[in-house]
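Structural features, examined
So you can see what is in the structure, the chains are spelled out below.
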Amino acid sequence: MKSETKSKALYDRAVKLIPGGVNSPVRACRSVGRNPIFIDRAQGCRIFDADGNEFIDFVGSWGPMMLGHRHGSVMAAIEKVLERGVSFGAPVDLEVEMAEMICNAVSSVEMVRMVNSGTEATMSAIRAARAYTGRDVLVKFDGCYHGHADTLLVAAGSGVATLNIAGSPGVPEATIRHTVSLPYNDIPAFKKLMAEKGKTVAAVIVEPVAGNMGLVPPDPEFLHELRSETQKHQCVLIFDEVMTGFRLAYGGAQALYQISPDLTCFGKIVGGGLPVGAYGGKQEIMAQIAPEGPVYQAGTLSGNPLAMAAGLATLKELQQPGFYESVEEKSDRLSSGILRIAERIGIPLSVNRVGSMMSIFFTDRVVKNFEDAKTSNLEVFSAYYNKMLEKGIYLPPSQFEALFVSSAHEIADIDLFLAAAEAVLPELIK
Ligand SMILES: *Cc1c(COP(=O)(O)O)cnc(C)c1O
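Counting restarts for each chain, with residues numbered from 1 along the sequence as it is written. A pLDDT threshold of at least 70 governs which residues receive local features in this predicted model, and a stricter bar of 80 or more applies before side-chain atom pairs are shown or counted, although totals over entire chains, interfaces and linings include all residues. Computation of side-chain values covers all heavy atoms of the structure but excludes hydrogens and water.

Re the overall build of the protein chain
Helix and strand content of the protein chain: 15 helices and 14 strands. Taken against the 2.2 N^0.38 rule, which gives 22 Å for 430 residues, the C-alpha radius of gyration of the protein chain at 21 Å falls within 12% of a compact globule. The contact criterion used throughout is that any non-hydrogen atoms of two residues lie within 4.5 Å. Restricting to contacts in the protein chain with at least 6 residues of sequence separation, those with at least 24 account for 72%. With an accessible surface of roughly 17900 Å², the protein chain has 53% of that area assigned to carbon and sulfur atoms. For the charge count, each Lys or Arg is scored as positive and each Asp or Glu as negative, with His and the chain ends excluded. A charge is said to be at NZ when it belongs to Lys, at CZ for Arg, at CG for Asp and at CD for Glu. When the 40 basic and 48 acidic side-chain charges of the protein chain are each reduced to a single mean position, those positions are 4 Å apart. Working definition: helices are DSSP H or I runs of at least four residues, strands are E runs of at least two. Numbering for both runs from the N terminus. Taken over C-alpha atoms, the radius of gyration is set against a globule rule of 2.2 Å times the number of residues to the power 0.38. Areas reported here follow the Shrake-Rupley algorithm with a probe of radius 1.4 Å; residue values treat only the protein chains shown as occluding.

So this is what it looks like as structure tokens:
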């Protein structure tokens, strides 16, 4: 990097007025011992900071930028809507089109409601599930993150883990009294809980492929057990596909693993980079939402035309034949390349990848849950992060986040990553 003068100056102004200088904690880069880099602009898979440094972006705004930055059709769709206005607070055609796109893409989703973030989606889905079942208990899994709603801030992975906060102050004990968090991929623990408490459980919420403790794939049998046990005890199974939806396959993780949840949460890619979330599923559950039913949930900017347009344009691109295969080919080249280099130089690391999501854990364990992820050497991760950044590779600044490959990455960009890793990894074992 040439210089960080402008980023530093912006950060100095920011910390005085914004908590930690950032509007979302992981961006502060504290776990990798540096100040945040302020971004000026991005194009394709390249991102440019305020000082003019150029990086290859493997964060992709934490998932939404499946097509890379400033994709032509997304930009054109946004520009077209700008001629109509940016918000009306009244129904528009684009919302209907979006509902049709989502319901056609994901067969378990019969009705859908748009919201403004993933946090709102999971929070609202849980309210719907509790109303539908008339029960209170919520089951989640350690290291899964479902946004920052009070009831969900228990063993919540990523940002929370990075900062080493157990849950969060400000969340009343009474609020999380009904939340149970179990180890991910642990079938016996889940079956035991359901045998004891199944009849009181309103919902089981899970990241079908976990991306917020670093990338952790599910044992397919685990997902099947979640489905059969929730069916047996008549609880609502919620797949939080905010990260995996439209990323792992057009139909999301549920298409990949062939499991049909009762409710699904979306966000990130469905907004094409604008603030969006959505939740949907079985008609009989969703029909409880106001004004069709009594469960209140609302949003001044929900279904915002700009966000709908960006999302729709993005989803249309994802329908191109071979889209997912092509991105997967590049991400496979990345994961297998890293493993080859690591093996050659003898550094212990573990790579998890599903489709275009991936994490490199600095541990010799196979990472199957949050406990395994936490055995990673965070000092080595921090050194790796900073050295890769120096070489122009922009990564998520936390061991407990996944990196994302987009359709804007070319084979040559993947090879630049591998060349950087080839230089950086040997330095980490010195
Ligand atoms: C990002 C994310 C959320 C939260 O979405 P926001 O838009 O940040 O509120 C929820 N669940 C999962 C799985 C996520 O990855």
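Some remarks on the sheet that holds strand β12 (residues 357-361)
Strand pairing requires that DSSP identify at least two bridges connecting the strands. Spatial strand order, β11-β12-β14: three strands in an open sheet with antiparallel pairing. Pairing within the sheet leaves two strands with one partner each, and these edge strands are β11 (350-354) and β14 (403-404). Of the pairings in the sheet, the one linking β11 to β12 comprises five bridges and is antiparallel in character. Residue serine 350 lies in a different strand from β12, and its bridge partner there is phenylalanine 361. Across the face of the sheet, helix α12 (residues 323-345) comes into contact with β11, β12 and β14 while running at roughly 170 degrees to β11. Note on method: axes are straight lines fitted to C-alpha atoms, helices fitted across the in-contact stretch only, with angles between N-to-C directions ranging 0 to 180 degrees.

Description of the packing of helix α14 (residues 378-390) against helix α15 (residues 411-428)
Where α14 meets α15, the closest approach of the two axes is 10 Å, and the angle between their N-to-C directions is 140 degrees. With respect to α15, the axis of α14 lies oblique. Between α14 and α15 lies a crossing of right-handed hand. Taking contact as the criterion, the partners of Val380, Ala383, Tyr384, Lys387 and Met388 in α14 are, on α15, Phe417, Ala420, Ala421, Val424, Leu425, Glu427 and Leu428. When the residues that make up the contact of α14 with α15 are grouped by side-chain class, the tally is 10 nonpolar, no polar and two charged. Roughly parallel here means an angle under 35 degrees, roughly antiparallel means over 145, roughly perpendicular means 65 to 115, and every remaining angle is called oblique. The crossing is said to be left-handed when, going from far helix to near helix, the turn is anticlockwise and less than a right angle, and right-handed when the turn is clockwise. Note on residue classes: Ala, Val, Leu, Ile, Met, Phe, Trp, Tyr, Cys and Pro are nonpolar, Asp, Glu, Lys and Arg are charged, and everything else, Gly too, is polar.

Describing the nonpolar core
By size, the foremost hydrophobic cluster in this structure holds 75 residues, and its most contacted members are Phe246, Tyr384 and Phe417. For this core, the leading source of residues is helix α11 (residues 305-318), giving nine residues. All domain edges in this entry derive from an automatic or database-based domain assignment. Two domains each put at least three residues into this core: domain 1 (5-70 + 321-429) and domain 2 (72-318). Leaving out residues up to four positions away in the same chain, phenylalanine 246 has contacts with Met66, Ile102, Ala105, Gly252, Phe266, Ile269, Val270, Leu315, Leu318 and Tyr324. Joining through side-chain atoms within 4.5 Å is the link that ties buried Ala, Val, Leu, Ile, Met, Phe, Trp, Tyr and Cys residues into a set, and such a set is a nonpolar core. Any residue under 20% of the maximum accessible area for its type is buried, any over 50% is exposed, and the rest in between are partly exposed; the area is computed with a 1.4 Å probe on protein chains only.

Some details on the site of the ligand
We call a residue near a molecule or strand whenever a single non-hydrogen atom of that residue lies within 4 Å of it. Around the ligand sit Ser117, Gly118, Thr119, Tyr145, His146, Gly147, Glu207, Asn212, Asp240, Val242, Met243 and Lys268, and that is every residue in its neighbourhood. The definition of a polar contact used here is a pair of N or O atoms within 3.5 Å, where within protein one atom must be able to donate a hydrogen and the other to accept one, and adjacent residues in sequence count solely through side-chain atom pairs. In the model, a nitrogen atom of the ligand is placed 2.7 Å from a nitrogen or oxygen of the aspartate 240 side chain. Protein contact buries 82% of the 390 Å² of open area that the ligand shows by itself.

What about the state of the cysteines?
For this text, the term disulfide refers to a pair of cysteine sulfurs within 2.5 Å. This model, assessed by the stated rule, comprises zero disulfides. In this model cysteine 45 remains outside any disulfide bridge; the closest cysteine sulfur is found in cysteine 29, 19 Å from its own. The thiol of cysteine 235 is not disulfide-bonded; the next cysteine sulfur, from cysteine 265, is found 16 Å away.

Focus: the sheet that holds strand β13 (residues 393-394)
With mixed pairing, the four strands of this open sheet are ordered in space as β1-β2-β3-β13. Each edge of the sheet is formed by a strand with only one pairing partner; in this case those strands are β1 (39-43) and β13. As judged from the three bridges shared by strand β2 (residues 46-49) and strand β3 (residues 54-57), these two strands associate in the antiparallel manner. Bridge pairing links phenylalanine 48 to glutamate 54 in β3.

Section: the pattern of salt bridges
Counted as salt bridges are all cases of a side-chain nitrogen of Lys or Arg within 4 Å of a carboxyl oxygen of Asp or Glu. All chains considered together, the criterion is met by 18 salt bridges. We note a salt bridge from arginine 353 to aspartate 332, for which the minimum N-O separation is 3.2 Å. Note that arginine 353 is positioned in strand β11 and aspartate 332 in helix α12, a separation of 21 residues in sequence. Judged by relative accessible area, which is 22%, arginine 353 ranks as partly exposed. With a relative accessible area of 37%, aspartate 332 lands in the partly exposed category.

Points about the side chain of threonine 244
Within the secondary structure layout, threonine 244 lies in the loop between β8 (236-240) and α9 (253-257). Here glutamate 241 takes part through its side chain, which lies 2.7 Å from a polar atom of the side chain of threonine 244. If we skip the residues at most four places from it in the chain, threonine 244 touches Pro208, Val209, Gly252, Ala253 and Met357.

Considerations on the packing of helix α2 (residues 72-82) against α11
If you want to describe how two helices pack, look at the angle between their axes and the distance between the axes. Relative to each other, α2 and α11 sit at 150 degrees, their axes nearing to 8 Å. Judged on the interaxial angle alone, α11 and α2 are roughly antiparallel. In this structure, the crossing between α2 and α11 has a hand that is right-handed. For the pair formed by α2 and α11, the contact residues are Ser73, Val74, Ala77, Ile78, Val81 and Leu82 on the first element and Pro305, Leu306, Ala309, Ala310, Ala313, Thr314 and Glu317 on the second. Across the contact of α2 with α11, the residue classes break down as 10 nonpolar, two polar and one charged.

Some words on the pairing of strand β7 (residues 201-206)
For β7, a buried count of six out of six residues is recorded, marking the element as mostly surrounded by other parts of the structure. Orient the strands so they point away from the viewer; a crossover is then right-handed if the path from the first strand over the helix to the second runs clockwise. Handedness of the β7-helix α8 (residues 220-232)-β8 crossover: right-handed.

As for the domain arrangement of the protein chain
Entries for the protein chain in the domain assignment read domain 1 (5-70 + 321-429) and domain 2 (72-318). Put simply, the middle of domain 1 and the middle of domain 2, counted by C-alpha atoms, are 25 Å apart. With 33 residues of domain 1 in contact, the opposing surface of domain 2 contributes 37 residues. Between domain 1 and domain 2, the buried area comes to about 2800 Å², and carbon and sulfur atoms account for 70% of it. Accessible area that two parts lose when put together, with a 1.4 Å probe and added across both, is what the buried area reports.

Some details on helix α7 (residues 187-197)
Of the positions making up α7, those classed as buried are Ile187, Phe190, Leu193 and Met194. Summarising the axial view, the buried residues of α7 lie within an arc of 130 degrees, below the 170-degree limit, and thus occupy one face. Set apart from the buried face of α7 by more than 90 degrees, the exposed residues are Pro188, Lys192, Ala195 and Glu196. The backbone nitrogen of alanine 189 has a side-chain oxygen 3.0 Å away, supplied by the residue at the start of α7, namely aspartate 186. Read the arc as the range of directions from the helix axis to the C-beta atoms.

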